[in-house]
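These are the residues of each chain, in order.
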Amino acid sequence: MNFFKPALFALALIASNSAFGHAVVTHNSLKLKPVPVNLASQVELSFNSKVELDLSEVFLVSAGDKMQTITATPGEKPGQVLLHLPALEPGEYAIKLKIFAADGHLSEDLLRFFVKPTK
């Protein structure tokens, strides 16, 4: 019986370490600031760890599942990334992320958003 307690503890440590290896979006500016109609703009993302942008891919997904690569640059803080969006017409969009954490783990995410016409 005493063997099982250390084994369970070791398994818990392994599982928790693998969860910390992934870059997870902890904040995105889409929640606070809408993307303007027909104007180029930026989206700010914050991750729970440093990311390797040279190895990562970021796409804008539009109607019909059309994907185009968008530029991502490092922000001022560790784990902060700025995405540069082109001018967008009203509609539904998504940002598809394939992000490598600094430790080499790959994370994928999809951030959906709307560009709404001005009234």
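Everything in this summary refers to the structure shown in the same document. Keep in mind the model is a prediction, meaning the values are calculated, not measured. (Residues numbered from 1 in each chain as written. Predicted model: local features only at pLDDT ≥ 70, side-chain atom pairs only at ≥ 80, totals over all residues. Heavy atoms only, no water.)

## Overview of the sheet that holds strand β1 (residues 25–28)
Think of a sheet as strands paired side by side through backbone hydrogen bonds, with each pair either parallel or antiparallel. To keep it simple, the criterion reads: Paired strands, in this sense, are two strands between which DSSP finds at least two bridges. For the purposes of this entry, the term helix denotes a DSSP run of H or I that reaches at least four residues, the term strand denotes a run of E that reaches at least two, and both are numbered from the N terminus. Axis angles are defined between N-to-C directions and span 0 to 180 degrees, where every axis is a line fitted to C-alpha atoms and, for a helix, only to the segment in contact.
Spatially, β1-β2-β6-β5 is the arrangement adopted by the four strands of the open sheet, whose pairing is antiparallel. Whereas interior strands pair on both sides, the edge strands pair on one side only; in this sheet they are β1 and β5 (71–74). The average angle at which neighbouring strand axes cross in this sheet is 30°, direction not considered. In this structure, strand β2 (residues 41–47) lies alongside strand β6 (residues 80–85), joined through six bridges in antiparallel fashion. In the sheet register, S41 faces β6, and the bridge partner there is L85.

## Observations regarding the pairing of β2
Note the cut-off: Relative accessible area decides the class of each residue, using a 1.4 Å probe on protein chains only: under 20% of the type maximum gives buried, over 50% gives exposed, and in between gives partly exposed.
Counting buried residues in β2 gives five out of seven residues, a clear majority hidden from the surface. The sheet contact formed by β1 and β2 spans three bridges and is antiparallel. Across the sheet, the residue bridging to N28 is L45, located in β2.

## Thoughts on the pairing of strand β7 (residues 91–100)
Residues in a regular strand point their side chains to alternate faces of the sheet. By the bridge criterion, five bridges tie strand β3 (residues 57–62) to β7 in an arrangement that is antiparallel. Across the sheet, the residue bridging to F59 is K96, located in β7. The hairpin turn running from β7 into strand β8 (residues 106–115), its antiparallel successor, is five residues long, and G104 in that turn takes a positive phi close to 100°.

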